[in-house]
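Commentary on secondary and tertiary structure
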Amino acid sequence: MPWPLPVTLTGTHASLVPLSQSHAQDLSEAAAEGDLWKVWYTSVPHPDTVDQEIDRRLKLQDTGSMLPFAVLRPDGKAVGMTTYMNIDPVHKRVEIGSTWYRKAAQRTRLNTECKRLLLTHAFEELDCIAVEFRTHFMNRQSRTAIERLGAKLDGVLRSHQRTADGALRDTAVYSILPHEWPAVKSGLEFKLAEER
């Protein structure tokens, strides 16, 4: 049996549902807002290739290496994507990544709640021994957001990958461990109460 199984995670400000092609139109509009695909240190799909990105993520789900979600607002509109990825069912480790949101949803309760939902599921339902976050070393916005969660920097993988244009990429690796989860959870709940 695959691990983890597809699941819907629901909060007040966002829901995470299994990604499907039914989300393509909303996600294409989301990617177009603010020309997100042009940011050099991220990998947001071009609005015209969102359907291909959905297919790519679903193929990775079929191999057991990714569990992709569409991020929905309370009105049901898809405003981004996120995943459990680099899944290790033997050691019960996942990475939360390949995440992006439309510009209007960035730095809002929606992102904080998505992380709380994913982390709660990982630690309290899947019994993970660690949850990782990885980002381009130069993506200061993402690194700051990961650090605000309470994740700790494990290190930097130098010349770790190539970007779409062939440039070498350094990757910052963070993690949260089970004994840290109660404090991280309290911090996320506090942020949800304080954020706009």
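If you're wondering where the values come from, they're calculated on a predicted model, not measured in any experiment.

Analysis parameters
Residues numbered from 1 in each chain as written. Predicted model: local features only at pLDDT ≥ 70, side-chain atom pairs only at ≥ 80, totals over all residues. Heavy atoms only, no water. Pairing = 2+ DSSP bridges. Helix = DSSP H or I, 4+ residues; strand = E, 2+ residues; numbered from the N terminus. Contact = heavy atoms within 4.5 Å. Axes fitted to C-alpha atoms, helices over the stretch in contact; angles between N-to-C directions. Parallel < 35°, antiparallel > 145°, perpendicular 65-115°, else oblique. Left-handed = near helix turned anticlockwise from the far one by under 90°. Phe/Tyr/Trp six-rings, centres within 6.5 Å; stacked < 30°, edge-to-face > 60°. Buried < 20%, exposed > 50% of the residue type's maximum accessible area, 1.4 Å probe, protein only. Expected span 1.5 Å × (residues − 1). Arc of directions from axis to C-beta. Salt bridge = Lys/Arg side-chain N within 4 Å of Asp/Glu carboxyl O.

1. Quick notes on the sheet that holds strand S6 (residues 130-136)
Across the sheet, eight strands lie side by side as S1-S2-S3-S4-S5-S6-S8-S7; this open sheet has mixed pairing. With partners counted over all chains shown, the strands left at the sheet margins are strand S1 (9-10) and strand S7 (152-162), one partner each. In terms of strand pairing, strand S4 (residues 78-88) meets strand S5 (residues 93-101) through six bridges, oriented antiparallel. Among the inter-strand pairings, Tyr84 is bridged to a residue of S5, identified as Ile96. Seen against the sheet, helix H1 (residues 24-32) touches S4 and S5 and runs at an angle of roughly 100° to S4. Across the sheet, helix H2 (residues 50-63) is in contact with strand S3 (66-72), S4 and S5; its angle to S3 comes to roughly 140°.

2. Observations regarding the packing of helix H3 (residues 109-125) against helix H5 (residues 181-194)
Put simply, H3 and H5 touch, their axes get as near as 10 Å, and they point 155° apart. Taken as axis vectors, H3 and H5 run roughly antiparallel relative to one another. For the crossing formed where H3 meets H5, the hand is left-handed. On H5, the residues touching Arg109, Thr112, Glu113, Arg116, Leu119, Thr120, Phe123 and Glu124 of H3 are Trp181, Val184, Lys185, Leu188, Glu189, Lys191, Leu192 and Ala193.

3. Observations concerning the packing of aromatic side chains
What the rule picks out here adds up to two aromatic pairs. A ring pair is formed by Phe69 and Tyr84, whose centres lie 5.9 Å apart and whose planes are at 80°; its orientation type is edge-to-face. Here the residue Phe69 occupies a position in strand S3, and Tyr84 occupies one in strand S4, the gap between them amounting to 15 residues. Summarising the burial analysis for this pair, Phe69 and Tyr84 share the class buried. Ring plane angle 25° and centroid distance 5.6 Å describe the contact between Phe123 and Trp181, whose orientation is recorded as stacked. Here Trp181 lies in helix H5 and Phe123 lies in helix H3, a separation of 58 residues in the sequence.

4. Examining the pairing of strand S2 (residues 15-18)
Strand direction decides the pairing type here: S1 and S2, joined by two bridges, are antiparallel. By the bridge assignment, Thr10 is partnered in S2 with Ser15. The loop that links S1 with its antiparallel partner S2 comprises four residues. When S2 meets S3, the two strands line up antiparallel, connected through four bridges. Along S3, the bridge assignment pairs Ser15 with Leu72.

5. Some details on H5
Over its 14 residues, H5 extends 20 Å from the first C-alpha to the last, a length consistent with the 20 Å expected when each residue adds 1.5 Å. Listed in full, the buried residues belonging to H5 are Trp181, Val184, Leu188, Lys191 and Leu192. Burial along H5 is one-sided: seen end-on, the buried residues are contained in an arc of 100°. Structural note: H5 exposes Ala183, Phe190, Ala193 and Glu194 on the side pointing more than 90 degrees away from its buried face. Close packing links the buried residues of H5 with H3, helix H4 (140-149) and strand S8 (168-176).

6. Observations concerning the pattern of salt bridges
In this structure the tally under the stated criterion is 13 salt bridges. The closest approach of N and O atoms between Glu29 and Lys77, which form a salt bridge, is 3.0 Å. Pair noted here: Glu29 is in helix H1 and Lys77 is in the loop between S3 and S4, with a separation of 48 residues, a long-range link. Close ionic contact of Glu33 with Arg102 constitutes a salt bridge, the shortest N to O distance being 2.7 Å. Here Arg102 lies in the loop between S5 and H3 and Glu33 lies in the loop between H1 and H2, a separation of 69 residues in the sequence. Put simply, Arg93, Glu95, Glu132 and Arg134 are held in one network by salt bridges that share partners.

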